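Read off the chains here:
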Amino acid sequence: MMTSRLAGRNTRDRDQTGVEIGRHIDRLESVTDLREVVDICADLLTDWDIDAELTWSTGDEPHPRNGDDLLLLQTPDGHRSLLLRPHPDRPLDALAQSRLQWLGRHVERRLDRAEEMAHLRRTNQQLQDSESLLKALYAIAELSNSRRSLAELMAEMHAIIGRLIYAENIYFVVCDPDQPRVRYAYYVDALDPVLPDPEEWVELAAIEGSLTWHLLHGGRPMMGTVEDIESQLSAPLRPIGTLCSHWLGVPLLREGVVVGGLALQSYGEMRFREADRDLAVYVAQHLQPVLERHQTRAMLERRVIERTTALQEANAILRQQVLQRQRGEQLQAALFRIAELANLSDSLENIYPAIHRVIGGLLYARNFYIALLDQQEQILTFPYAVDEYASYHPARPHAYGLTESILKSGKARLFSRAQIEQMQEAGEIVYEGAIPLSWLGVPLASEHGVIGVLAVKSYRPEHSYDTRDQDLLTFVSYHIVNALQRKDSADSLRRAYANLEQRVTERTHALAMANRDLRLQIVERERIEQRLKHEALHDSLTGLPNRTFMLQRLEQALYRYRQDHDKMFAVLFVDLDRFKVINDSVGHLVGDDLLLQVGGRLRSGLKASDVVARLGGDEFAVLVEDIGGQRVAVDIAERLIDSLRTPFHLDGKEVFTSASIGIALPTPHYTRPEELLRDADTAMYRAKHEGKQRAAVFDERLRQEAMSLLDLENDLRRALARNEFVPVYQPLVNLQSGEIVGYEALLRWQHPERGLLLPRDFLQVAGENGTAEPIDWQIFEKVFADAAELTRCGRYVSINVSASNFLSPDLDKVLLALIAQYQIDTRSLRIEVTEGTLLENPPQVKQILDSLRQHGLVIALDDFGTGYSSLSYLQRYPISTLKIDGTFIAELTESGDQQNLSIIQAILAMARTLHMDVVAECIETEEQHRILQQLGCGYGQGFLFSRAQPLEHWLALDAAAAEAAGAIAASD
């Protein structure tokens, strides 16, 4: 509601008033604002000495009207009315009313004309905008048929868009249809100092959270300030690069799928409007097909060029292959001919000319000779030679000719006349006769060395030799040597046959004499064989059958059982309890006597058809056949146990012993006797586990346990081959600052079926089957491969070295070699050992730890306080860090056991005195953290800070921290 109070003025001159009224009327001709209309009307009322109040009445804010209000005029759209309210003390006379009516009509006509002109201007502007847009679309359409490069095409698009909206800062981004990555195909920015490479692909993960990332993921236009856009997003916004004051981005879509984007930026006061956004969306719809056609055409042209090039290369290769095949066929025919020559019965004098003819078919060989070296006499002979200028080639001592240079070097050599003359002037060779224009010689090399030389030479300029001829002649020389050797071997074989016939006659007589002696030896050997068979199947100490005999009888019993399941039998595995104690206390001789008497008692308690065998040590096996079932087998086992309870009298001493027996009964799944013996052994160990001096039957439960153990052992060996053991890393934290100072590498097994397994699930079995140490080294290699990433920020990595590793005296050398292989700074590595490790072979352990410490590795004593905790360890060994065992930390509370707290305080005080670092393990609560801080403990680790995680987890955290720091620095 607008209101203006008018005051009448009665002292103006009439002429002057007329001039003023004319001036106000002229002002109405150029009025553009309703406020100006009110001001002009107010001035006219003043000039006409009319005392009244002018009021605009709108539909939103209705002005209260009374009976004296006068409607002066209405706007062309009818939404607003100008009301006049006369002063109550000065009513309007007829002249005033007439003037007011004229004024209302005049102003209404002027407002109608102004509205019409504004409409015409808007219409004209829309036509101009439409024309500009149409020209831009025509220009874009022409670009689709352009042969310009992508950079030129993008620059033209930039110019076209710049004629429509503000586009000083613009970039186009294109998506890879096959991978989650983009490239900035065109980038123009007035402030950004570093512009992306238009050919470089950028992973989407690297720009995650940026304006471009949100534009491509959202697939809808975005406009406004960074704060405005962030308020519209559901995911966090992470600006990259120089911050703009206003941003407009529209996606490029193909069938509803985002294939790229167009973005405009403003760094000044300029703001994009809704019309700019709609225009950008409309233009983007026409840009995307142009870009796609350009990319398709470029890809097609590139493929045509690649295909043409490939066809040209293939054609060249094919022509080369044809030539090579023709040469190969020619060479193959020559080699066949050389092989045939070796099988002829002719003498070598006839074979040499044939070889000359074969070589002449491959290259120019009018001048040709073969030279052979007598190794003993050091004489060079020429069994075959053809030369235009020399008809005679006598044998000569080994000298300094070209032939001798080949013999000496053992390599093929090619000389020109100039080279020969130069070598002769230098005194390197002595050449007699006409010097050829080209000379080529290759060695005749056998398994015993170089035996001669094959040479060709040319006196004519139209015939010269090159490296291809050298390679060809070298190849042929191998086959010539083979042919000559086969010929020589055939001659030697004929001579050997003649010698062999003579030796056969002599040997026939000798064999007849030897045959008589052999018959006598056979008789003796049969007697010895019977004795050896008995010894092979019986135990030498007790005279009982041994394992081999038992397995043979078990196989027979198992065969009968498979034929008839009523042929039941049982295998009893007997093991003496505490035999080692007896053997160590009274001696091995008495122990052997005990085993002899135990075997006798077992034998006396069974039927004659039953078998008692000693398997080794204090282990016996019993086979009882034709039994009624399990109950009978158990009764027999208990009877045998009772028979062994009676004391044994050994060397004047009364000795007591007992036995544990495992029983296995046949079932259809058994196929081998070893399986029965194995299961009886498993049942025996169950009997010992249950208290000894008893019998246990192998059942399905034991079978499952045995199969599980076997599967685990097999899985462990396969896991080593498949590289399934992986390290995970638990951080070690500065308890005062909370900063990560290092990581402890921990073992995990990525089982393909059971998932990620902890060491407690398999490490004991690995130690028993010998895979623990290979697992350790596999983990060491992976940790050292990760160390470069983990120690980048001055942190360190700890590895746990078990006692079994220290059994190797060169552990330190192998570890240091592996560290050097991965180029790791030894100061960033720590070795953790337990107190139990220090007890096994202390001199060797100390030597290894001293060597590692001298090379810069830090030694930490793990689980301190749970073992022997001898203070002499801290003095004797190069230990720099103590790790307080988690059992002490778990009971650490403010209201807990004060004795536990005192132990920790004592460890910390001792460590400070010895200048050692202390790490508290298994910190799981804030209360434990706070108490350790108060006690002055420097470092700690545990689930409170983090569980052990793979390398990728920590690298991602470091990258996120670096990005956050970079974002903060950029915003500052």
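Residues numbered from 1 in each chain as written. Predicted model: local features only at pLDDT ≥ 70, side-chain atom pairs only at ≥ 80, totals over all residues. Heavy atoms only, no water.

Visitor: Can you lay out the overall build of the protein chain for me, pointing to particular residues and giving the numbers?
Guide: Scanning the protein chain from terminus to terminus reveals 27 helices and 32 strands. Projected onto the principal axes, the alpha-carbon positions of the protein chain cover approximately 175 × 110 × 70 Å. Buried positions account for 42% of the 972 residues belonging to the protein chain. With an accessible surface of roughly 53,700 Å², the protein chain has 51% of that area assigned to carbon and sulfur atoms. (Helix = DSSP H or I, 4+ residues; strand = E, 2+ residues; numbered from the N terminus. Buried < 20%, exposed > 50% of the residue type's maximum accessible area, 1.4 Å probe, protein only. Areas by Shrake-Rupley, 256 points an atom, 1.4 Å probe, with all protein chains shown as cover.)

Visitor: I'd like to hear about the domain arrangement of the protein chain, residue by residue, with values.
Guide: Taken domain by domain, the protein chain comprises domain 1 (27-120), domain 2 (146-304), domain 3 (364-497), domain 4 (537-698) and domain 5 (720-967). Between domain 3 and domain 4, the C-alpha centre-to-centre distance is 81 Å. (Domains from an automatic or database assignment.)

Visitor: Quick rundown of the sheet that holds strand E16 (residues 449-458)? Include the residues and the values.
Guide: Spatially, E13-E12-E11-E16-E15-E14 is the arrangement adopted by the six strands of the open sheet, whose pairing is antiparallel. Of all the strands in the sheet, the pair left with one neighbour each is strand E13 (396-397) and strand E14 (413-416). Judged from the six bridges that link them, strand E11 (residues 367-374) and strand E12 (residues 379-386) form a sheet pairing that is antiparallel. When the bridges of E12 are listed, Leu-372 appears paired with Thr-381. Where helix H10 (residues 417-425) meets the sheet, its contacts fall on E14 and strand E15 (438-446), and the angle it forms with E14 comes to roughly 90°. Contacts from helix H11 (residues 467-537) reach E14, E15 and E16 within the one sheet, and its direction differs from that of E15 by about 35°. (Pairing = 2+ DSSP bridges. Contact = heavy atoms within 4.5 Å. Axes fitted to C-alpha atoms, helices over the stretch in contact; angles between N-to-C directions.)

Visitor: An account of the side chain of Asn-805 is requested, with residue identities and associated values reported.
Guide: Among the secondary structure elements, Asn-805 is positioned in the loop between strand E27 (796-800) and helix H20 (811-821). Asn-805 has contacts with Glu-773, Asp-776, Trp-777 and Leu-811, leaving out every residue within four places of it along the chain.

Visitor: Which residues make up the pattern of salt bridges, and what values do they have?
Guide: Summed over all chains, the structure comprises 30 salt bridges. In this structure, the salt-bridge partner of Glu-404 is Arg-396, at a minimum N-O distance of 3.0 Å. Salt bridges here are not isolated pairs; linked through shared partners, they connect Glu-744, Glu-832, Lys-883 and Glu-921. (Salt bridge = Lys/Arg side-chain N within 4 Å of Asp/Glu carboxyl O.)

Visitor: Give me the lowdown on the sheet that holds strand E18 (residues 611-616), citing residues and values where you can.
Guide: Reading across the sheet, the five strands line up as E18-E19-E17-E22-E23 and stay open at both edges, with mixed pairing between neighbours. The sheet terminates laterally at E18 and strand E23 (695-697), the two strands that pair on one side only. With strand direction ignored, the average angle separating the axes of adjacent strands in the sheet is 20°. Relative to strand E19 (residues 619-625), E18 runs antiparallel, the two being bridged by five bridges. By the bridge assignment, Gly-616 is partnered in E19 with Glu-619. Sitting on the sheet, helix H16 (residues 673-689) touches strand E17 (569-577), E18, E19, strand E22 (658-664) and E23, and the angle it makes with E22 is about 135°.

Visitor: Quick one: what's the story with the packing of helix H25 (residues 898-913) against helix H26 (residues 926-935), residue by residue and with numbers?
Guide: Helices that pack against each other are described as a pair by the angle of their axes relative to one another and the distance between those axes. Put simply, H25 and H26 touch, their axes get as near as 11 Å, and they point 45° apart. The pairing of H25 with H26 is recorded here as oblique in orientation. As for how H25 packs across H26, the hand of that crossing is right-handed. Residue-level inspection shows Leu-901, Ile-904, Gln-905, Leu-908 and Arg-912 of H25 in contact with H26, the latter providing Ile-931, Leu-932 and Leu-935. Looking at the contact of H25 with H26 residue by residue, the classes come out as six nonpolar, one polar and one charged. (Parallel < 35°, antiparallel > 145°, perpendicular 65-115°, else oblique. Left-handed = near helix turned anticlockwise from the far one by under 90°. Nonpolar A, V, L, I, M, F, W, Y, C, P; charged D, E, K, R; others polar.)

Visitor: Explain the environment of Gly-224 to me, using residue names and the numbers behind them.
Guide: Take Gly-224: it is sitting in strand E8 (residues 222-224). Each C-alpha atom, one on Gly-224 and one on Gln-778, is 56 Å from the other, the two residues being 554 residues apart in sequence. Setting aside its immediate chain neighbours within four residues, Gly-224 contacts Ile-229, His-246 and Trp-247.

Visitor: Please set out H26 residue by residue, giving values where relevant.
Guide: The α-helix advances 3.6 residues per turn, and as a result positions three or four apart in sequence lie on the same side. Along H26, the residues classified as buried are Gln-928, His-929, Ile-931, Leu-932 and Leu-935. Considered in projection along H26, the buried side chains sweep an arc of 165° and stay on one side of the axis. Residues of H26 that are exposed and angled more than 90 degrees away from the buried face: Glu-926 and Gln-934. Of the surrounding secondary structure, the elements contacted by the buried residues of H26 are helix H24 (886-890), H25 and strand E31 (917-920). Positive phi appears at Gly-936, one or two residues downstream of H26, with a value of about 90°. (Arc of directions from axis to C-beta.)

Visitor: So what about the layout of surface pockets? Which residues, and what values?
Guide: By volume, the largest pocket is sized at about 1,100 Å³. Listing elements by their share of the lining of the largest pocket, those giving two or more residues are strand E25 (740-751), helix H18 (763-769), helix H19 (772-790), E27, strand E28 (829-834) and strand E29 (858-864). The leading source of residues in the lining of the largest pocket is H19, at six residues. Approximately 810 Å³ is the volume attributed to the second largest pocket. (1 Å grid on protein atoms, 1.4 Å probe; cavity = no way out; pocket = protein on both sides within 12 Å on 5 of 7 lines; lining within 4 Å. Points joined across faces, edges and corners; volume = space filled by probe spheres on them.)

Visitor: Explain the nonpolar core to me, using residue names and the numbers behind them.
Guide: In terms of nonpolar packing, the biggest core is built from 69 residues, with Phe-784 and Leu-882 touching the most fellow members. When residues in this core are grouped by element, the largest group, eight residues, is from H19. In contact with Leu-882, not counting residues within four places along its chain, are Leu-861, Phe-864, Leu-874, Ile-907, Met-910, Ala-911, Met-916, Asp-917, Val-918 and Val-919. In this structure, Leu-544, Leu-558, Leu-640 and Phe-698 belong to the second largest nonpolar core, which totals 57 residues. (Core = buried A, V, L, I, M, F, W, Y, C linked by side-chain atoms within 4.5 Å.)

Visitor: An account of the side chain of Thr-474 is requested, with residue identities and associated values reported.
Guide: Mapped onto the elements of the fold, Thr-474 is located in helix H11. Within polar-contact distance, the side chain of Thr-474 engages the backbone oxygen of Gln-470 at 2.7 Å. Residues in contact with Thr-474, not counting those within four places in the same chain, are Ala-412 and Val-442. (Polar contact = N/O pair within 3.5 Å; in protein donor to acceptor, adjacent residues only side chain to side chain.)

Visitor: Can you tell me about the packing of H19 against H20, naming the residues and giving the values?
Guide: Closest axis-to-axis distance for the H19/H20 pair is 10 Å, and the angle between their directions is 35°. Where H19 crosses over H20, the two elements pack in a sense that is right-handed. On H20, the residues that touch Trp-777, Phe-780, Glu-781 and Phe-784 of H19 are Leu-811, Val-814, Leu-815, Leu-818 and Ile-819. By residue class, the composition of the contact of H19 with H20 is eight nonpolar, no polar and one charged.

Visitor: Can you tell me about the UniProt feature "domain: GGDEF" (unreviewed entry) in the protein chain, naming the residues and giving the values?
Guide: Those places that UniProt annotates as "domain: GGDEF" (unreviewed entry) correspond, in this numbering, to residues 567-700. End-to-end, the C-alpha atoms of residues 567-700 are 21 Å apart, and along that stretch the chain is 44% helix and 28% strand. (UniProt positions renumbered as here; feature names shortened; annotations may be inferred.)

Visitor: So what about helix H14 (residues 588-604)? Which residues, and what values?
Guide: Taking 1.5 Å as the rise per residue, H14 with 17 residues should run 24 Å; its terminal C-alpha atoms sit 24 Å apart, in good agreement. Looking at H14, one finds that the buried residues are Val-590, Gly-591, Leu-594, Leu-595, Val-598, Gly-599, Arg-601 and Leu-602. Lining the buried residues of H14 we find E17, helix H13 (579-586), E18, E19, helix H15 (630-645) and strand E20 (648-650). (Expected span 1.5 Å × (residues − 1).)

Visitor: Lay out the state of the cysteines with the relevant residues and their values.
Guide: Scanning all chains against the criterion turns up zero disulfides. For the unlinked cysteine Cys-922, the closest cysteine sulfur is that of Cys-937, found at 13 Å. Under the relative-accessibility criterion, Cys-937 is labelled buried at 0%. (Disulfide = S-S within 2.5 Å.)

Visitor: Got a sec to walk through the environment of Asp-374? Specific residues and values, please.
Guide: When you line up the elements, Asp-374 lands in strand E11. For Asp-374, a relative accessible area of 35% corresponds to the partly exposed category. Spatially, the C-alpha atom of Asp-374 lies 8.9 Å from that of Gly-452, the residues being 78 residues apart in sequence.

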